[in-house]
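So you can see what is in the structure, the chains are spelled out below.
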Protein chains: 2
Amino acid sequence: MPNLVQPKVLKGFRDFLPETEISRKEIQTTLENTFKSFGMVPIDTPILEYTEVLLGKGSGETDKQIYRFQDHGKRDVAMRFDLTVPFARFMAANLNNLYLPFKRYHISKVWRGENTQRGRYREFTQCDFDIVGVDSPEADFEILSIMYESLTALGIPDIHIHISHRGIFNAFLEYLGVKENSAEILRIVDKLAKIGEEKVLEQLEELTNKEKASKILEYISADGSFDEILSKLEELSGGPTEGSKRLGTIRKMMLNCGIEDLFILNPSITRGLDYYTGIVYETFLDELPAIGSVCSGGRYNNLASIYSKTEMPGVGSSIGLDRLMAALEELGVSSSKKSLTKVLIMNMDDSLKGHYFNIAAKLRKAGINTEVFLEQKKMKNQFTFAERKNIPFAIIIGEDEYKENKVSVKNLETRENFNMTNIEDAIKIIGGNKE
Amino acid sequence: MPNLVQPKVLKGFRDFLPETEISRKEIQTTLENTFKSFGMVPIDTPILEYTEVLLGKGSGETDKQIYRFQDHGKRDVAMRFDLTVPFARFMAANLNNLYLPFKRYHISKVWRGENTQRGRYREFTQCDFDIVGVDSPEADFEILSIMYESLTALGIPDIHIHISHRGIFNAFLEYLGVKENSAEILRIVDKLAKIGEEKVLEQLEELTNKEKASKILEYISADGSFDEILSKLEELSGGPTEGSKRLGTIRKMMLNCGIEDLFILNPSITRGLDYYTGIVYETFLDELPAIGSVCSGGRYNNLASIYSKTEMPGVGSSIGLDRLMAALEELGVSSSKKSLTKVLIMNMDDSLKGHYFNIAAKLRKAGINTEVFLEQKKMKNQFTFAERKNIPFAIIIGEDEYKENKVSVKNLETRENFNMTNIEDAIKIIGGNKE
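Residues numbered from 1 in each chain as written. Chains lettered and ligands numbered in written order. Predicted model: local features only at pLDDT ≥ 70, side-chain atom pairs only at ≥ 80, totals over all residues.

Participant: Sorry, what's going on with the overall build of chain A here?
Facilitator: Tallying secondary structure elements over chain A gives 16 helices and 16 strands in all. In summary, chain A has a C-alpha radius of gyration of 28 Å against a globular reference of 22 Å for 435 residues, an excess of more than 25%. Expressed along its principal axes, the backbone C-alpha trace of chain A runs to roughly 90 × 55 × 45 Å. Expressed as a percentage of the 435 residues in chain A, the buried residues total 44%. By sequence separation, contacts in chain A at least 24 residues apart represent 67% of the contacts at least 6 residues apart. (Helix = DSSP H or I, 4+ residues; strand = E, 2+ residues; numbered from the N terminus. Rg over C-alpha atoms; globule rule 2.2 N^0.38 Å. Buried ≥ 20, exposed ≤ 12 C-beta atoms within 10 Å, placed from the backbone. Contact = placed C-beta atoms within 7 Å.)

Participant: Explain the sheet that holds strand 5 (residues 102-111) of chain A here, please?
Facilitator: Across a sheet, strands are paired by hydrogen bonds formed along the backbone, either parallel or antiparallel in direction. Residue and element names in this part refer to chain A. The strand order across the open sheet built from eight strands is 1-5-6-11-10-9-7-8, with neighbouring strands paired in mixed fashion. Of all the strands in the sheet, the pair left with one neighbour each is strand 1 (41-42) and strand 8 (263-265). Where strand 5 and strand 6 (residues 123-132) come together, ten bridges link them in antiparallel fashion. Along strand 6, the bridge assignment pairs Phe102 with Val132. Contacting strand 7 (159-165), strand 8 and strand 9 (276-285), helix 11 (residues 242-257) crosses the sheet at an angle of about 40 degrees to strand 9. (Pairing = 2+ DSSP bridges. Axes fitted to C-alpha atoms, helices over the stretch in contact; angles between N-to-C directions.)

Participant: What is the right way to read the sheet that holds strand 1 (residues 41-42) of chain B from this model?
Facilitator: Spatial ordering of the open sheet is given by 1-5-6-11-10-9-7-8 (chain B), a layout of eight strands whose pairing is mixed. Looking at which strands have only one partner, the edges of the open sheet turn out to be strand 1 and strand 8 (263-265) of chain B.

Participant: Would you mind going over the relation of the copies chain B and chain A with me for this structure?
Facilitator: Applying a rotation about an axis and a shift along it to one chain copy brings it onto the other copy. Once turned by 180 degrees and shifted 0.0 Å along the axis, chain B lies on chain A with an RMSD of 0.0 Å. On this basis, the relationship between the two copies can be described by a two-fold rotation axis. Relative to the rotation axis, the closest C-alpha in chain B is found at Phe69 of chain B, a distance of 3.1 Å. A share of 100% of the interface residues of chain B reappears at the interface of chain A, consistent with the copies meeting face to face through the same patch. (Least-squares fit on C-alpha atoms with pLDDT ≥ 70 in both.)

Participant: Can you help me understand unusual backbone geometry in this one?
Facilitator: Of all residues except glycine, most have a negative phi; of all peptide bonds, most are trans. Residues and elements named next belong to chain A. Omega for the peptide link from Leu100 to Pro101 comes to -10 degrees, which places this bond in the cis form. Among the structural elements, Pro101 can be located in the loop between helix 4 (84-94) and strand 5. Backbone geometry places Asn390, a non-glycine residue, at a positive phi of 55 degrees. Tracing the chain through its elements places Asn390 in the loop between helix 14 (379-388) and strand 14 (393-396). Asn390 gets classed as partly exposed once you count the C-beta atoms within 10 Å, which come to 15.

Participant: So what exactly am I meant to see when it comes to the packing of helix 8 (residues 192-207) of chain B against helix 9 (residues 210-220) of chain B here?
Facilitator: Two quantities define a packed helix pair, namely the angle between the axes and the distance from one axis to the other. All names here are of chain B. Interhelical geometry of helix 8 versus helix 9 gives an angle of 155 degrees and a closest axis separation of 7 Å. By the angle class used here, helix 8 and helix 9 are roughly antiparallel. Residues Leu192, Glu197, Val200, Leu201, Leu204 and Glu205 of helix 8 touch helix 9, and the partners they reach there are Lys210, Ala213, Ile216, Leu217 and Ile220. Class assignment of the residues belonging to the contact of helix 8 with helix 9 gives a composition of eight nonpolar, no polar and three charged. (Parallel < 35°, antiparallel > 145°, perpendicular 65-115°, else oblique. Nonpolar A, V, L, I, M, F, W, Y, C, P; charged D, E, K, R; others polar.)

Participant: It is not clear to me how the nonpolar core should be interpreted in this structure. Could you clarify?
Facilitator: A general tendency of soluble globular proteins is for nonpolar side chains to be buried together. Counting residues in hydrophobic clusters, the biggest one holds 237 residues, and the most contacted among them are Val343, Ile345 and Ile395 of chain A together with Val343, Ile345 and Ile395 of chain B. Setting aside chain neighbours within four positions, we find Ile395 of chain B in contact with Val343, Ile345, Met346, Ile359, Val407, Val409 and Ala426 of chain B. (Core = buried A, V, L, I, M, F, W, Y, C linked by C-beta atoms within 7 Å.)

Participant: What's the story with the domain arrangement of chain A in this structure? I'm lost.
Facilitator: It is common to report an interface's size as the accessible area lost on association of the parts. If you check the domain split of chain A, you get domain 1 (10-144 + 300-337), domain 2 (159-285) and domain 3 (343-430). Relative placement of domain 1 of chain A and domain 3 of chain A: their C-alpha centres are 44 Å apart. (Domains from an automatic or database assignment.)

Participant: Would you mind showing me how to read the interface of chain B and chain A here?
Facilitator: Every contact between the two is made by 84 residues of chain B and, on the other side, 84 residues of chain A. Per-element tally for the side of chain B that touches chain A: the top contributor is helix 13 (residues 353-365) of chain B, with seven residues. Looking at the side of chain B that touches chain A residue by residue, the classes come out as 41 nonpolar, 20 polar and 23 charged.

Participant: In this structure, what is going on with helix 16 (residues 423-430) of chain A? I would like to understand it.
Facilitator: Side chains of residues three or four places apart in an α-helix project in the same direction, reflecting 3.6 residues per turn. Residues and elements named next belong to chain A. Every buried residue belonging to helix 16 is among Ala426, Ile427 and Ile430, and all of these are buried. Along helix 16, the residues classed as buried sweep out an arc of 100 degrees about the axis, all on the same side. Residues of helix 16 that are buried in the fold lie against strand 12 (343-345), helix 13 (353-365), strand 14, strand 15 (407-411) and strand 16 (417-421). Directly after helix 16, the chain includes Gly431, whose backbone phi takes a positive value near 95 degrees. (Arc of directions from axis to C-beta.)

Participant: Explanation requested: helix 5 (residues 137-153) of chain B in the structure shown.
Facilitator: Residues and elements named next belong to chain B. If you check helix 5, its first and last C-alpha atoms are 24 Å apart, about what 17 residues at 1.5 Å a residue would give, namely 24 Å. Here helix 5 lies mainly inside the structure; 14 of its 17 residues are buried. Downstream of helix 5 by one or two residues, Gly155 has phi in the positive range, about 85 degrees. (Expected span 1.5 Å × (residues − 1).)

Participant: Hey, could you run me through the pairing of strand 7 of chain A in this one?
Facilitator: Successive residues of a regular strand alternate their side chains across the two faces of the sheet. Residues and elements named next belong to chain A. For strand 7 and strand 9, the ladder comprises seven bridges, and the chain directions are antiparallel. Directly across from Ser164, in strand 9, lies its bridge partner Val280. Bridge analysis of strand 7 against strand 8 gives three bridges, and the strand direction is parallel. What sits directly across from His162, in strand 8, is Ile264.

Participant: What is the right way to read the pairing of strand 5 (residues 102-111) of chain B from this model?
Facilitator: As paired elements, strand 1 of chain B and strand 5 of chain B share two bridges and run parallel to each other. In the sheet register, Val41 of chain B faces strand 5 of chain B, and the bridge partner there is Arg104 of chain B.

Participant: Help me understand the environment of Phe418 of chain B, please; the structure alone is not making it clear to me.
Facilitator: Residue and element names in this part refer to chain B. Along the chain, the position of Phe418 falls in strand 16 (residues 417-421). The class for Phe418 is partly exposed, based on 17 C-beta atoms found within 10 Å. Through-space distance from the C-alpha of Phe418 to that of Glu371 is 19 Å; in sequence the pair is 47 residues apart. Discounting chain neighbours no more than four positions away, the residues touching Phe418 are Ser408, Val409 and Ile429.

Participant: What am I meant to see in the environment of Phe102 of chain B here?
Facilitator: All names here are of chain B. Within the secondary structure layout, Phe102 lies in strand 5. Exposure remark for Phe102: the 24 C-beta atoms within 10 Å place this residue in the buried category. Along the chain, Phe102 and Phe284 lie 182 residues apart, while their C-alpha atoms are 28 Å from each other. The residues contacting Phe102, other than those within four sequence positions of it, are Val132 and Gly133.

Participant: What is the right way to read the environment of Thr125 of chain A from this model?
Facilitator: Residues and elements named next belong to chain A. Mapped onto the secondary structure, Thr125 falls in strand 6. You can call Thr125 buried: it has 20 C-beta atoms within 10 Å. Sequence separation of Thr125 and Ala326 is 201 residues, and the distance between their C-alpha atoms is 13 Å. Not counting the four nearest positions on each side in its chain, Thr125 is found in contact with Ile107, Ser108, Lys109, Leu321 and Asp322.

Participant: Can you walk me through the confidence of the model for chain A in this structure?
Facilitator: The predicted coordinates ought not to be read in detail in places where the model reports low pLDDT. Averaged over all residues, the pLDDT of chain A is 93; the fraction at 70 or higher stands at 97%. As scored by the predictor, the complex reaches a pTM of 0.94 and an ipTM of 0.93. (pLDDT = per-residue confidence, 0-100.)

Pasting the structure below:
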């Protein structure tokens, strides 16, 4: 016998066993149904792209993490590291075949050769949804609504979406006379939760001066009701700006839909990246603050600038599905089904094999997920199989049942027996035609 | 302005625009629902694996086509080229956490750096379903049933599944005294459809002799009813064998379920590969013979022999989703929806923005996929958008409607108008709470 190959997976990569995969698929379906209810459409893009296409101007960090190699035709190719860059490329390549505003979602895997400490994976699933080709408060509000509806549909209690506006922050920095330092300021401010007020203040002072640093801290820690904070931000940036007016309009739409309590105006949210130009947001679960934001994003003014001269303003959001799944599990609102089978038909009599499959087909027609045990084994083994697969019902057909065209049903959870029933009654007992 | 990066995709790779992706997702959902109705469970595996794990003993052909490179940790890694090898590795790695028989499905992308001529892609989607850990006619029959039910659920008319049995063929070759040449004989026979009887006979004669070659041809071209052919095969292989008895049992189960007409015993089906040991099958669409088999597979006696000493007999089948989609399109049974939106709420009055979203939320609650047009544009532009997205209804809310808490509905297909209706009536008109 030749030596065996060890069946190991790469570090940072995972197998998904049925229990996890069933739950992952259910979450995806729930999210997709919400996206579709808002008129979003799905797209897909290749997993491999030209490296030049993926990195474009490139950030050093991504460069190091990307899975990159030469293909058979000596092309420099790479695996996508997010869904945003391929989407930008997609829009530039297919603009003539699309209509604007274009509302798409994309749920798929991405790869980063990151350090795998702290539960980070090298292969993980992202779920992005964006509205491109329109710069309006309606679009901003719609993304917020989709975020809220998606997480609610998953059964997550007590969601709060923290929003802020980069346009107002920029106006404020300009008014303060530190606009040229905005990239560094963003980077420092973004660390607030991690390093605390004192350190942030220190670093800001180093970059600007004592007075300006304290003004910036005043801005990002503004407190009170939504409207109070908005007024404060306007005051700090020298009066109403386009951004603050936009945020005011969005606030009115929230009030109109009666969902204003879900949103917290939190000026410390800046989303580091230069990319964002308008509203930005992060989503926290009241019961799991430590897990961080499960859904974040914002408005950008030009999606595909590295590929196309056509300006494509947009607004979008991204859910890290792995983090979300961990959250659902911790909250106890994730399913943990071992299978989706409702009933197991016991395999008892060699001469009745064909009959078992015939009954199984009838149950499936009634919407009941049904298995026939696929060989003749001791009843005990067959019941153990049902138990390991969490199958709630068994159907027993021996010679007696067969002769009278009946079945016996056993509820494996309650141990109740329904002997010699008609197939129609069995369907009712098992709960067909319902789900 | 910096030079633009050309937004091109790699040869053999594709973007999926909404129309295609909606249809692809619908097909997947239909297939998954069928699999689940038989008690199959989903799994997922990494897209990158150790090259040694994927290639194992390796076939020369696959070696050349695989996308292989060194990762950041200098590991020799590769992208999966099918779903069978990762499944074998999965079973060996996770056997202790699973139960047997294990029935799994897996729908996902795979990659091969093939020649892209003749509509072959380098990135394509496979859909595999297998039953592992049991060697029984029940399991063989169940895979056949799933094949039939899956394709029927997709609305494909006139399916025929051609089956054959490698065990009988092997017994026949042994009886004929040419067992040692079986690999070459399989390879030649597999080309029957491509090169024709004469060439096959010629090549077989070269390998064996005139008499034996003509016997082999007699075997693979045996004609008549299922039972006649089965008798003929038994006769040619010197009497009933384990394989022919198994096929007889499966035949009885077909008769018992009244689906015997779907299956053709076709001894020319051998499925080239050495891998198979029992029943083998290919599926042809009567209306599209040229497209070839859309669903093929068979029984193998040891899935994971390169990773594990545990024997895992199994039976399975694979659907090439890209070929299937092409077939559905040609048959005119694929959907071609531009979106899944049922109604567009026109954006007409700046002061009613919040109200539009409020009405949209009500429609969504009634199960109607609803969009609000996301900016104020001319009505003409908004109608054009609805048309391009194939949205069947529009809702118009001006000041009059708003004041009386009504809406006006326009059926964009029939041009019918329903002016000043209640929201409840509008829901009925649009067809909510139905699908």
